[in-house]
Amino acid sequence: MKILVADDSRVMRQIVIRTLRQAGYAGHDIVEAENGRDALDKVRSESPDLVLSDWNMPEMSGIDLLATLRQSGSTVPFGFVTSEGSPDMRARASAGGALFLIAKPFTPEAFDEVLAPVLKG
Amino acid sequence: MEPSLTDVRMVVEEVWTSFLGAEDPLLPMAPGTLDVGWSAAVTVSGEWQGAVSVELPRSMAEEIARRMLGLDDEVDSVGDDDVADAVGELVNMIGGNVKSLMPGPSALSLPVVAAGRVARASDVIEACRLDASWAGAPLLVSVHVRHPEKG
């Protein structure tokens, strides 16, 4: 499977990729994107099986990325990895069509809990 | 309304434990002199308005970047871009979690990072400060809110 990791922080992308490995999801192809705009282009060119996206990013935010994807007909499974885990943000994520929201800081267990239904079918 | 010191400490400790390793705990420390090498701030605007900032000595900021990137500190050096990225992400996580504890709706800014001390608006006052030490060096996390008399 191919996983797109979108975050404007290279450090955070590395942490997300490392945590995927620690959660038992080594071996998947990883594609990195630096912001929502870059992620939008790479969803189209790389056809990932899952998008893990930050919320606050320059150029295009994660919620705008999700809205643009859904408006264009993309049904790619999408989850947020963001520092904001309030009920309001979770409701907005869910209303936009996200499958889950992982709040930073996170643990490998938190990743496995939400990813198992998506990646292990 | 302002976040309690207990809440801020809990948030900061969770970030530290999750991404910097539980083997070097964050310890309470009396306020003292801090030679600020790097700092970063995020602002929250909306129903609650405030700014959250982190100030660190240079060597600590570099060690944080190394650990967050999973680098071997015996071998790998770390560049200023990665240090700025790591310190920004640190304050983003702390600020995002503080925002979640306060009344919403509100929006979190992207982090502003500085080599040295970030400038603050003149109409804010310190609402909460957490002095701590990590791996033998001091750091400061603070929350500022708009001065009530300056609207």
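All of the points below concern the structure found in this document. (Residues numbered from 1 in each chain as written. Chains lettered and ligands numbered in written order. Predicted model: local features only at pLDDT ≥ 70, side-chain atom pairs only at ≥ 80, totals over all residues.)

## Remarks on the overall build of chain A
Just so we agree on the cut-off: What counts as a helix is a DSSP run of H or I of at least four residues, what counts as a strand is a run of E of at least two, and both are numbered from the N terminus. To get the radius of gyration, use the C-alpha atoms; to get the globule rule, take the number of residues to the power 0.38 and multiply by 2.2 Å. Exposure criterion: with C-beta atoms placed from backbone coordinates, a residue whose C-beta has 20 or more other C-beta atoms within 10 Å is buried, one with 12 or fewer is exposed, and one in between is partly exposed. Contact criterion: two residues are in contact if their C-beta atoms, reconstructed from the backbone, are within 7 Å.
Broken down by element type, chain A carries five helices and five strands. Helices (α) and strands (β) of chain A occur, in sequence order from the N terminus, as β-α-β-α-β-α-β-α-β-α. Taking 121 residues into account, the globule formula puts the C-alpha radius of gyration at 14 Å, and chain A, at 13 Å, falls close to it. Dimensions along the principal axes, computed over C-alpha positions, put chain A at roughly 35 × 35 × 30 Å. Buried residues in chain A amount to 45% of all 121 residues. Within chain A, residue pairs in contact and separated by at least 24 positions form 60% of the contacts whose partners lie at least 6 positions apart.

## Notes on the interface of chain A and chain B
Here is the rule: Three classes are used: nonpolar for Ala, Val, Leu, Ile, Met, Phe, Trp, Tyr, Cys and Pro, charged for Asp, Glu, Lys and Arg, and polar for all others, with Gly counted as polar.
Listed by partner, the interface residues are 19 residues for chain A and 23 residues for chain B. The element contributing the most residues to the side of chain A that touches chain B is helix H1 (residues 10-22) of chain A, with six residues. Its residues placed into classes, the side of chain A that touches chain B shows six nonpolar, eight polar and five charged.

## Here's the deal with the packing of helix H1 (residues 5-20) of chain B against helix H3 (residues 80-101) of chain B
Residue and element names in this part refer to chain B. Selection rule: For helices, the fitted line uses only the C-alpha atoms of the stretch in contact; every axis is such a line through C-alpha atoms, and the angle between N-to-C directions lies from 0 to 180 degrees. Here is the rule for angles: anything less than 35 degrees is roughly parallel, anything more than 145 is roughly antiparallel, 65 through 115 is roughly perpendicular, and the remaining ranges are oblique. We call a crossing left-handed when the near helix sits turned anticlockwise from the far one by less than a right angle, and right-handed when that turn is clockwise.
Two numbers describe how H1 lies on H3: the axes approach to 10 Å, and their chain directions differ by 140°. When the axes of H1 and H3 are compared, the pair comes out oblique. Handedness of the H1/H3 crossing: right-handed. Seen from H1, the contacting residues are Asp7, Val8, Val11, Val12 and Val15; seen from H3, they are Leu90, Met93, Ile94, Asn97, Val98 and Leu101. In terms of residue class, the contact of H1 with H3 is made up of nine nonpolar, one polar and one charged.

## Points about the nonpolar core
In a soluble, globular protein the nonpolar side chains are often hidden away together inside. Residue and element names in this part refer to chain B. Heads up, the rule is: For the purposes of this analysis, a nonpolar core is taken to be any set of buried Ala, Val, Leu, Ile, Met, Phe, Trp, Tyr and Cys residues that are connected through C-beta atoms within 7 Å.
One finds Val87, Leu90, Val91 and Ile94 to be the most contacted residues of the largest nonpolar core, which totals 73 residues. A total of nine residues in this core trace back to one element, the largest contributor, which is H3. Not counting chain neighbours up to four residues away, the residues in contact with leucine 90 comprise Val15, Ala40, Val54 and Ile64.

## Comments concerning the environment of aspartate 81 of chain B
If you trace the backbone, aspartate 81 of chain B turns up in helix H3. Aspartate 81 of chain B sits in the exposed class, given 11 other C-beta atoms within 10 Å.

## Comments concerning the packing of H1 of chain A against helix H2 (residues 58-69) of chain B
Look at H1 of chain A against H2 of chain B: their axes get within 8 Å of each other, and the N-to-C directions meet at 40°. Our classification of the angle between H1 of chain A and H2 of chain B gives oblique. Note on element contacts: H2 of chain B touches H1 of chain A through Ala65, Met68 and Leu69 of chain B, opposite Val11, Gln14 and Ile15 of chain A. The residue makeup of the contact of H1 of chain A with H2 of chain B, split by class, is five nonpolar, one polar and no charged.

## Quick look at unusual backbone geometry
Here the residue pair lysine 104 of chain A and proline 105 of chain A is connected by a cis peptide bond, since its omega of 0° sits within 30 degrees of zero. Secondary-structure assignment places proline 105 of chain A in the loop between strand E5 (100-103) and helix H5 (108-119). Cis geometry marks the peptide bond from glycine 104 of chain B to proline 105 of chain B, where omega comes out at 0°. Locating proline 105 of chain B in the fold gives a position in the loop between H3 and strand E4 (106-108). Backbone geometry places glutamate 59 of chain A, a non-glycine residue, at a positive phi of 75°. Here glutamate 59 of chain A is to be found in the loop between strand E3 (50-53) and helix H3 (62-71). What makes glutamate 59 of chain A partly exposed here is the crowd of 14 C-beta atoms within 10 Å.

## Notes on the environment of alanine 30 of chain B
Residue and element names in this part refer to chain B. Of note, alanine 30 is situated in the loop between strand E1 (27-28) and strand E2 (38-46). Among the residues examined, alanine 30 registers 7 C-beta atoms within 10 Å and is labelled exposed. C-alpha of alanine 30 to C-alpha of aspartate 131: the two residues are 101 residues apart in sequence and 6.4 Å apart in space.

## Observations regarding the pairing of strand E2 (residues 29-33) of chain A
Residues and elements named next belong to chain A. Selection criterion: Any two strands between which DSSP finds at least two bridges are classified as paired. The definition of a right-handed crossover adopted here requires that, viewed with the strands pointing away, the path from the first strand over the helix to the second runs clockwise.
Sheet topology note: the strand E1 (residues 2-6)/E2 ladder contains five bridges and is parallel. Residue pairing in the sheet places leucine 4 in a bridge with valine 31 of E2. Crossover connection from E1 via H1 to parallel E2: handedness right-handed.

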